[in-house]
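# Results of the structural survey
For reference, the chains in residue letters:
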Amino acid sequence: MMNGLKLSGILLFALSIGFVYKTTRKQLSFEYFPSFFSKSLTSSSTSSSTSTSTNYNASINVEEILKEGNGVIFLETTDRMEPPSLVLCAIESAARVYTDRPVVFFMKGLTDINSEEDEKQAKEKFPSLSSFENVYIFPLRMEELFKDTPLSEWYKKGNERWEPYWIHNLSDACRMAMIWRYGGIYFDADVISIRPIPEKNFLTAQSTDTSGSSVFGLTPHNKFAWKCLNDFVLNYRGDIWGHQGPGLFTRVLKPLCVMPDFKVIDDIICGNISCLKPERIYPIPYQNWKKYFEVWDQVPSFNNTYGVHLWNYMNRDEKKSVVPGSNTLVDHLYRQYCPSEYGNLSEH
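Figured I'd write up the structure that's included with this text. (Residues numbered from 1 in each chain as written. Predicted model: local features only at pLDDT ≥ 70, side-chain atom pairs only at ≥ 80, totals over all residues. Heavy atoms only, no water.)

### With respect to the sheet that holds strand E8 (residues 268-270)
- Strand order in this open sheet of 8 strands is E3-E2-E1-E4-E7-E6-E9-E8, and the pairing throughout is mixed. Looking along the sheet, the strands with just one partner apiece sit at the ends: strand E3 (135-139) and E8. Recorded for the sheet is a direction-independent mean angle of 25° between the axes of neighbouring strands.
- The sheet contact formed by E8 and strand E9 (residues 273-276) spans 3 bridges and is antiparallel. By the bridge assignment for E9, Ile-269 is matched with Ser-274. (Pairing = 2+ DSSP bridges. Helix = DSSP H or I, 4+ residues; strand = E, 2+ residues; numbered from the N terminus. Axes fitted to C-alpha atoms, helices over the stretch in contact; angles between N-to-C directions.)

Shown next, in the form of structure tokens:
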């Protein structure tokens, strides 16, 4: 009997030790290694939440997209929400050429974009652009854009009823403010990109004695851009075509160097601004704009050209457009540099 009591005592003692060990182990696990368990649980929860947010409600803003100062910018300064084919071709060609840069299309008529889902839905309205991950569409909010610049008061006092070129002058103001604020490259929406422009601070000569404003690039808060904003207001003439565009750039450029002679073969430097020769963007001068809509015996190679400006303003009355399969020069350009938009045209 004594032996039985001893055996029972030993078993009871062993069970007690096991219980104490188990309990102590559990406490040690959470008390001495809480960060491990807490981190695992938090990580799992956050991962799930982030995944949902990314898919549906992740916030998005233009400052974040353009923070590197290397964006490619297009503008729609009217309320038009159905841009013509040439605009879509211009944006698509830029997205294909500048694959490592954000290509942003600002539209005045667009409602607010607050999330990635909003932006995705806006882009889906344009099938030829929807597949490009580097293309973004945002509202154009002019009062916000002009804030803290010389253009703010000018814009508030503007009266489009009395200015024949109001929309064009407004576009000139927006492009200058955009590049001053965010930096990068501005493109008119009738420029088809062919290859990357290697310069950071540059203007593009339109003729032998005039700087164009259809394509230019500057770093954020560039001094030249600020001078242009001031000149825009101080020398404003809303009744003269091009006075706030090519005229403005040419005026501000003059003090930096002897007026450029773009008859030279190479691009030139004025201060710290590169002035690209006309062939880079304007291989066909505006007087000959109809050549884009003609059949050529031999299609130009454009080997020394970064992009071709189609002079859409000159086409405002005749409204010539690309005809798929017509073998015109513009037909070749569409086929090669904006094939998605060309395919959409062919289907219709």
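Continuing now.
### Focus on the packing of helix H4 (residues 85-97) against helix H12 (residues 339-347)
- H12 packs onto H4 with a crossing angle of 150° between their chain directions and a minimal axis gap of 8 Å. On H12, the residues touching Ser-85, Leu-88, Cys-89, Glu-92 and Arg-96 of H4 are Pro-339, Ser-340, Glu-341 and Leu-345.
- Grouping the constituent residues of the contact of H4 with H12 by class yields 4 nonpolar, 2 polar and 3 charged. (Contact = heavy atoms within 4.5 Å. Nonpolar A, V, L, I, M, F, W, Y, C, P; charged D, E, K, R; others polar.)

### Overview of the state of the cysteines
- Applying the stated criterion across every chain yields a total of 1 disulfide.
- A disulfide bridge connects Cys-89 with Cys-338, and the sulfur atoms are separated by 2.1 Å. Since a negative S-S torsion denotes a left-handed disulfide, the Cys-89-Cys-338 link at about -85° is left-handed. You can see Cys-89 sitting in helix H4 and its partner Cys-338 sitting in the loop between helix H11 (329-337) and H12, a full 249 residues away along the chain. (Disulfide = S-S within 2.5 Å.)

### A word on unusual backbone geometry
- With a phi close to 55°, His-221 is a non-glycine residue in the positive phi region.
- In this structure, His-221 sits in the loop between strand E7 (211-218) and helix H9 (223-234).
- According to the relative accessible area criterion, His-221 is partly exposed, its value standing at 48%.
- Not every positive phi belongs to a glycine, and Trp-311 is a case in point at roughly 55°.
- The topology assignment puts Trp-311 in the loop between strand E10 (307-309) and H11. (Buried < 20%, exposed > 50% of the residue type's maximum accessible area, 1.4 Å probe, protein only.)

These values are about where atoms sit, not about what they do.
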